[in-house]
Amino acid sequence: DTAVSQTPKYLVTQMGNDKSIKCEQNLGHDTMYWYKQDSKKFLKIMFSYNNKELIINETVPNRFSPKSPDKAHLNLHINSLELGDSAVYFCASSDRATNEKLFFGSGTQLSVL
Amino acid sequence: GENVEQHPSTLSVQEGDSAVIKCTYSDSASNYFPWYKQELGKGPQLIIDIRSNVGEKKDQRIAVTLNKTAKHFSLHITETQPEDSAVYFCAAFKAAGNKLTFGGGTRVLVKP
């Protein structure tokens, strides 16, 4: 069983399009995250949700809108895609009791042409 | 905010040799320091961690050390094997703000 699963694994799209990435975790965790990994492998947090409530929003353009329908799901919708959005996006989750230990999904490689 | 610096950015070692990766952090309030391993095409995976009240921790061939005064922590891999080839990330966690800040990563290549 995959603990944190995200789809799709690869996403190739044109500039200006709108796209979504889905994430689900079956670990029973309360907190979920989106991280962006650029071409130099640098990992930067974008958002954090605890029990469907936004708790971290790191100066991310408002073209990026996370949505958490329940605590097991955190989706990422991106409007008006730009070339600079090309990166690998990782979903992660953590348990409230040990919030510092993150469990990552396998990533979505987004390429904007 | 917290700033985590990681060195070197790439490290090539011969199989069987040791590998050492060093990190420094800026915020003395950080109290938890995990290390993640990211294999090609996968997400980062926690491999070992250390809390600020401990100076050293070992798990088989990997060990971490923490110097709280100097705000340094290091990952040591002994008897490296080809499957140790990956990108390694250090991180620092501060409970206030509930935020994990990652270092820039080290690409380790173990040559057979």
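Conventions adopted
Residues numbered from 1 in each chain as written. Chains lettered and ligands numbered in written order. Predicted model: local features only at pLDDT ≥ 70, side-chain atom pairs only at ≥ 80, totals over all residues. Heavy atoms only, no water. Helix = DSSP H or I, 4+ residues; strand = E, 2+ residues; numbered from the N terminus. Buried < 20%, exposed > 50% of the residue type's maximum accessible area, 1.4 Å probe, protein only. Contact = heavy atoms within 4.5 Å. Areas by Shrake-Rupley, 256 points an atom, 1.4 Å probe, with all protein chains shown as cover. Buried area = accessible area lost by both parts, 1.4 Å probe. Salt bridge = Lys/Arg side-chain N within 4 Å of Asp/Glu carboxyl O. Polar contact = N/O pair within 3.5 Å; in protein donor to acceptor, adjacent residues only side chain to side chain. Core = buried A, V, L, I, M, F, W, Y, C linked by side-chain atoms within 4.5 Å.

**Considerations on the overall build of chain A**
Inference 1: When its secondary structure is counted, chain A shows zero helices and eleven strands.
Inference 2: In sequence order, chain A lays out its α and β elements as β-β-β-β-β-β-β-β-β-β-β.
Inference 3: The principal-axis extents of the C-alpha atoms in chain A amount to approximately 40 × 25 × 25 Å.
Inference 4: The 113 residues of chain A split such that 45% are buried.
Inference 5: Restricting the contact set of chain A to residue pairs at least 6 apart, pairs at least 24 apart contribute 54%.
Inference 6: When the accessible surface of chain A is totalled, it reaches about 5600 Å², and 49% of it is carbon and sulfur.

**Concerning the interface of chain A and chain B**
Inference 1: Opposite the 20 residues of chain A that make contact, chain B presents 20 residues.
Inference 2: At the boundary of chain A with chain B, total buried surface from both sides reaches about 1600 Å², with 55% on carbon and sulfur atoms.
Inference 3: Among the residues of chain A in contact with chain B, Lys-41, Leu-43 and Glu-100 of chain A are the three that bury the most area, contributing 34% of the side total.
Inference 4: Close ionic contact of Asp-49 of chain B with Lys-101 of chain A constitutes a salt bridge, the shortest N to O distance being 2.5 Å.
Inference 5: Where chain A touches chain B, the interface holds six residue pairs in polar contact (both at pLDDT 80 or more).
Inference 6: Looking at the side of chain A that touches chain B, the elements with two or more residues in it are β4 (31-37), β5 (43-50) and β6 (53-57) of chain A.
Inference 7: With three residues, β4 of chain A is the largest single contributor of residues to the side of chain A that touches chain B.

**Some points on the nonpolar core**
Inference 1: Core analysis: the largest hydrophobic core is formed by 23 residues, its most contacted members being Ile-21, Tyr-25, Phe-33, Trp-35, Phe-73, Leu-75 and Tyr-88 of chain B.
Inference 2: The residues contacting Tyr-25 of chain B, other than those within four sequence positions of it, are Glu-2, Asn-3, Val-4, Ser-30, Phe-33, Leu-66, Lys-68, Lys-71, His-72, Phe-73 and Ala-92 of chain B.
Inference 3: If you look at the next biggest cluster of nonpolar residues, it comprises 20 residues, including Leu-11, Phe-47, Leu-76 and Tyr-89 of chain A.

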